[in-house]
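Structural overview for review
This is what each chain is made of:
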Amino acid sequence: MIRIRSISAVLVAMVTTFALAGCVSDGPDKDSAQGKKQIAMEESQAQAEKLVPYPAKEMAFPLTRQNLSERLKRMNDPNHISYVYQLSYTGEPINYMVIKGQLTYGGQQLNPSDAVIDACSNASEYCPQLVEGPGDDNVYGPGGDYWFGFTANNVMVTFTGQFLQSDAPLTLAKPVPDLTPKK
């Protein structure tokens, strides 16, 4: 009995190996339109690489990665102070505030926004289908197109227009109007 199982396992392994070996591609089909496009693209890329090679050896200090890393460190500091200038659509400053932490996009969520349901009515089958799932607040629909943050006094502010954020106060070409309500 054990010997039959061993022989069966070897045969299954051999059949699987031969089946997978048949799936290996030798490259694009040279006769198909798609294959011809693929070959032309590869030849074009090879020619471009010869003319202007990728400077991998010269990339000792990738500044973009350094900048992204530094931004991530700063923006994930809960005590980080930012200065936010809200601008009109013509670029005029209309508001100014100090934010503690970071501005966060309102369309982000803590949980996935998709759900997988079984769309089959037959209990013996499984028909997975990707559908829109509920958001963090257990309602459906996209998050808002806004940014929000918290001031140094822990007041939540929401921005729906344009804004400019910096790590230090800026001197703008035009002064920010005082929009504080008069008593």
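Just so you know, these numbers come straight off a predicted model, no measurement behind them. (Residues numbered from 1 in each chain as written. Predicted model: local features only at pLDDT ≥ 70, side-chain atom pairs only at ≥ 80, totals over all residues. Heavy atoms only, no water.)

1. Quick look at the state of the cysteines
Selection criterion: Two cysteine sulfurs form what is called a disulfide whenever their separation falls within 2.5 Å. Under the scheme applied here, a residue whose accessible area is under 20% of the maximum for its type counts as buried, over 50% as exposed, and between as partly exposed, the area being computed with a 1.4 Å probe on protein chains only.
Evaluated as defined, the whole model comprises one disulfide. Disulfide pairing places Cys-120 opposite Cys-127 at an S-S distance of 1.3 Å. Its relative accessible area of 18% is what places Cys-120 among the buried residues. Owing to a relative accessible area of 25%, Cys-127 belongs among the partly exposed residues under this scheme.

2. Some remarks on the packing of aromatic side chains
Applied cut-off: Note on aromatic pairs: the rings of Phe, Tyr and Trp (six-membered ring only in Trp) are paired at centre separations within 6.5 Å, and the planes decide the class, stacked below 30 degrees, edge-to-face beyond 60, tilted for the rest. Secondary structure elements are taken from DSSP: a helix is a run of H or I of four residues or more, a strand is a run of E of two residues or more, and numbering for both begins at the N terminus.
The full count for this structure, using the stated rule, is four aromatic pairs. When the centroid spacing of 4.9 Å and the interplanar angle of 45° are considered together, the rings of Tyr-85 and Tyr-96 count as tilted. Placement of Tyr-85 in strand β1 (residues 81-87) and of Tyr-96 in strand β2 (residues 93-105) is noted, with a sequence separation of eleven residues between them. A residue is classified by how much of its surface remains accessible, and Tyr-85, at 3% relative accessible area, is buried. Ring centres 6.2 Å apart and planes at 45° place the aromatic pair Tyr-146 and Phe-148 in the tilted group. Classification of Tyr-146 by relative accessible area gives partly exposed; the value is 28%. Through a chain of ring-to-ring contacts, three or more aromatic side chains come together here, namely Tyr-146, Phe-148 and Phe-150.

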